[in-house]
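Fold and contact review
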Amino acid sequence: MEVIETEYEIILDEICKKYGYETQDKPGNESLKTVLKRIIPSMLADYPQEDRNLFYQMLTHTPIVVTENLTEDDLKKLTDTYIGNINPHIIDDDSNILGEYGKGVAPAAYISSPILNEDMQLMGKKSFLYLQRLPRFSKEFTFLGTDINVPYLIHELGHAFHAEKNAYKMLEDGILLERIGTAQFKYSFEKISDGKRKQKTTSCTGLFLEESLNTIQEEIAMARYMKMSKEEMQKKYREVLVPSEYQGLMSNMTEYLLEKIDTNSLKQYRLSGDETKLQPLNDIMVQTDYWQNKDQTFSETNLNSPLSFAHKKNIVTKLPKLSMQDFFQTYQDIYFPDISSITTPIQKIDNVLEQCYNFKGIKYQFNLYNPEEKQQYCDIVSQILQEGFTLINQAYDIQKSQSHNIMPQIAQITNTVSKSDIEKVTKETKSGVKNLIYSRQGDRIEDEK
């Protein structure tokens, strides 16, 4: 930590001068420069010199904008200021394929855009990140000693850091690939008239894995920033500084993945975008019974499989309110995806995390003090968790057998989600069931083209 605190001082002075960052602390309100001096070593303590240099490089061309509350028009003006009309020959069709995730203006975001010439050659990129200033006199955050939303800043710097290398690539078929950590977006460009092209988002994978991994790293860095252990921070500031509390299902499953399987490959892939780094992880997962028989396992007619979509649809049809059934109908491609189109096990994990994220949208429609509705809620939670935990557990068993030089057997696990698992994610207490996912709106990547 001490080495890191001295190596970036010149860079910090340069970017504060370049972007006009506030450098003077005020009583009870630390400046952006002071906050960054504490954030940088907190985020980079576990990274080697090469990776730290990548982070410093990102800081030099990614302005940090601290704003008041933003409307959609405000965000557009902000994007025009920091990105500009760099691709006048491209028209964005503004399609949202991200479900609940793509709605509204986020309280903080990392925004990036490629620079493409008229021959559609990639010439570079422009990016910035913004975060809305904490409300004045907010008692909830006074302990931070600044009106800068420190956890949000750490979170968005995490996305920017992991998008610094190999962020864009133009594929041979004219599809543009964008990478932000584990998240990949693909864009097509349709020729229209007068040399212009219409851009359309055609796919998105790995987004919810990226959010979950970034959240875990955010909490580690935030605990260092606060000079306390993660456990102390979770106990003292759980609803304020611990996003895994309101991202519940997503974070629980991702932490479980990191605990059970050797996932150094995920860390390497997140920084580099080199898909060969994921190969060891996918090689383990494709050996599972889950993956070998995925088409049959997730069948809409196979009631014998506890993971089948037929089981999930039976649960949905019993839900007490029509609006919940409508929700699942709206997002049926997320909750009942074409499993043949999911080409790697990691993509299936990401799909389960997306289900977890979207599910919080209807959680508050359940009366969890009503035994029948509580059971229906737990049935859906169990179904979602089984889709992820079964794959992770089977992969863990195979990895363990291989590490002991035992001929790997296809793992067969049927009881993958226990009663204690459900109790953990529903946060049962004597007074009833606490909210698993808090109502506070979480951070997210916001990609504006």
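Residues numbered from 1 in each chain as written. Predicted model: local features only at pLDDT ≥ 70, side-chain atom pairs only at ≥ 80, totals over all residues. Heavy atoms only, no water.

1. Observations regarding the overall build of the chain
Put simply, the rule reads: For the purposes of this entry, the term helix denotes a DSSP run of H or I that reaches at least four residues, the term strand denotes a run of E that reaches at least two, and both are numbered from the N terminus. Partly exposed describes any residue whose relative accessible area lies between the buried limit of under 20% and the exposed limit of over 50%, with all areas from a 1.4 Å probe on protein chains only and scaled to the type maximum. Two residues form a contact once any of their heavy atoms are found within 4.5 Å. Residue-level accessible areas treat just the shown protein chains as cover; the underlying method is Shrake-Rupley with a 1.4 Å probe.
Of regular secondary structure, the chain possesses 19 helices and 10 strands. Split into buried and exposed, the 449 residues of the chain put 53% on the buried side. Within the chain, contacts between residues separated by at least 24 positions form 69% of all contacts whose residues are at least 6 apart in sequence. On the chain, roughly 21200 Å² of surface is accessible, and the fraction owed to carbon and sulfur atoms is 47%.

2. Some remarks on helix H3 (residues 32-44)
To be explicit about the condition: Between the first and last residue of a helix there are one fewer steps than residues, each counted as 1.5 Å, and that sum is the expected span.
End to end, H3 covers 18 Å across 13 residues, agreeing with the expected 18 Å (1.5 Å per residue, within 8%). Of all 13 residues that make up H3, 11 are buried, and the element is covered over most of its length. Among the residues of H3, Leu-32, Lys-33, Thr-34, Val-35, Leu-36, Ile-39, Ile-40, Pro-41, Ser-42, Met-43 and Leu-44 are the ones counted as buried.

3. Regarding the pairing of strand S7 (residues 183-191)
Cut-off, in case you're wondering: The rule for pairing is simple: two strands pair if DSSP sees at least two bridges between them.
Pairing between strand S6 (residues 176-180) and S7: 5 bridges, direction antiparallel. In the strand pairing of S7, Glu-178 is matched with Phe-185. Following S6, the chain reverses through 2 residues before pairing antiparallel with S7; Gly-181 in that reversal takes a positive phi of roughly 60°. Relative to strand S8 (residues 197-205), S7 is paired through 8 bridges, and the arrangement is antiparallel. Among the inter-strand pairings, Gln-184 is bridged to a residue of S8, identified as Thr-205. Counted along the chain from S7 to the antiparallel partner S8, the turn is 5 residues long, and its residue Asp-194 has a positive phi close to 55°.

4. A closer look at the nonpolar core
Spelled out, the test is: In these notes, a set of buried Ala, Val, Leu, Ile, Met, Phe, Trp, Tyr and Cys residues joined through side-chain atoms within 4.5 Å is what counts as a nonpolar core.
The biggest cluster of nonpolar side chains holds 110 residues, and the ones touching the most others in it are Phe-55, Ile-64, Leu-153, Leu-157 and Phe-359. Val-65, Ile-83, Phe-128 and Tyr-130 belong to the second largest nonpolar core, which has 11 residues in total.

5. So, unusual backbone geometry
A positive phi is found at Met-120, a non-glycine position, where the angle reads about 65°. With respect to the element layout, Met-120 can be found in the loop between strand S3 (108-116) and strand S4 (122-132). Although it is not a glycine, Asn-166 adopts a positive phi angle of roughly 55°. In this structure, Asn-166 sits in the loop between helix H6 (150-161) and strand S5 (168-170). Accessibility expressed as a relative area gives 52% for Asn-166, which makes it exposed.

6. Here we look at the side chain of Asn-351
Within the fold, Asn-351 resides in helix H17 (residues 345-363). If we skip the residues at most four places from it in the chain, Asn-351 touches Ile-334, Pro-337, Ile-342 and Glu-387.

7. Section: the sheet that holds strand S1 (residues 64-67)
Test applied: What counts as an axis is a line fitted to C-alpha atoms, over the stretch in contact for a helix, and the angles between N-to-C directions run from 0 to 180 degrees.
An order of S1-S4-S3 is seen for the 3 strands of this open sheet, with the pairing classed as mixed. Each edge of the sheet is formed by a strand with only one pairing partner; in this case those strands are S1 and S3. Between one strand axis and the next, the sheet turns by 25° as a mean value, whatever way the strands run. By the bridge criterion, 9 bridges tie S3 to S4 in an arrangement that is antiparallel. Residue pairing across strands places Ile-115 opposite Gly-124, the latter belonging to S4. Where helix H5 (residues 72-82) meets the sheet, it contacts S1, S3 and S4, and its direction lies at approximately 135° from that of S4.

8. A short note on the pattern of salt bridges
The criterion, for reference: Only one rule defines a salt bridge in this text: a Lys or Arg side-chain nitrogen within 4 Å of an Asp or Glu carboxyl oxygen.
If you walk through the whole model with that rule in mind, you get 13 salt bridges. Between Arg-38 and Glu-30 there is a salt bridge, with the nearest N and O atoms lying 3.4 Å from each other. With a shortest N-O distance of 3.2 Å, Asp-147 and Arg-133 are connected by a salt bridge. Pair noted here: Asp-147 is in the loop between S4 and H6 and Arg-133 is in the loop between S4 and H6, with a separation of 14 residues, a long-range link. Looking at Arg-133, the relative accessible area reads 26%, which means it is partly exposed. Taken together, the salt bridges that share partners define one network made up of Glu-68, Arg-133 and Asp-147.

9. Observations regarding the pairing of S6
Among the 5 residues of S6, 5 are classified as buried, and the element is accordingly described as predominantly covered. Of the two faces of S6, both are covered, the one formed by Leu-176, Glu-178 and Ile-180 as well as the one formed by Leu-177 and Arg-179. Pairing analysis gives 3 bridges linking S5 to S6, with the strands arranged antiparallel. Bridge pairing links Tyr-168 to Glu-178 in S6. Connecting S5 to the next strand, S6, in antiparallel fashion are 5 residues, including Gly-174 with a positive phi near 85°.

10. With respect to the packing of aromatic side chains
The criterion, for reference: A pair of Phe, Tyr and Trp rings is counted when the ring centres sit within 6.5 Å of each other, with Trp represented by its six-membered ring. The angle between the planes then sorts it: under 30 degrees is stacked, over 60 is edge-to-face, the rest tilted. Placement of a positive charge over a ring is assigned whenever Lys NZ or Arg CZ falls within 6 Å of the ring centre and within 35 degrees of the normal to the ring plane.
A full pass over the atoms with the stated rule returns 18 aromatic pairs. Considering the side-chain rings of Phe-55 and Phe-161, the 5.2 Å spacing of their centres and the 80° angle between planes classify their relative orientation as edge-to-face. A residue pair is termed long-range when its members are at least 10 positions apart, and Phe-55 in helix H4 (residues 49-61) and Phe-161 in helix H6 qualify at 106 residues. On the basis of relative accessible area, Phe-161 is assigned to the buried category, the value being 2%. Relative to Phe-328, the ring of Phe-327 has its centre 5.8 Å away and its plane inclined at 85°; by these criteria the two rings are edge-to-face. Clustering of aromatic rings is evident, with ring pairs tying together Tyr-8, Tyr-47, Phe-55, Tyr-56 and Phe-161. Directly above the ring of Tyr-225 sits Arg-38, whose terminal nitrogen or CZ lies 3.9 Å from the centroid. For the cation-ring pair, Lys-348 lies above Phe-298, with the distance from its terminal atom to the ring centre recorded as 4.7 Å.

Keep in mind these values describe shape, not function.
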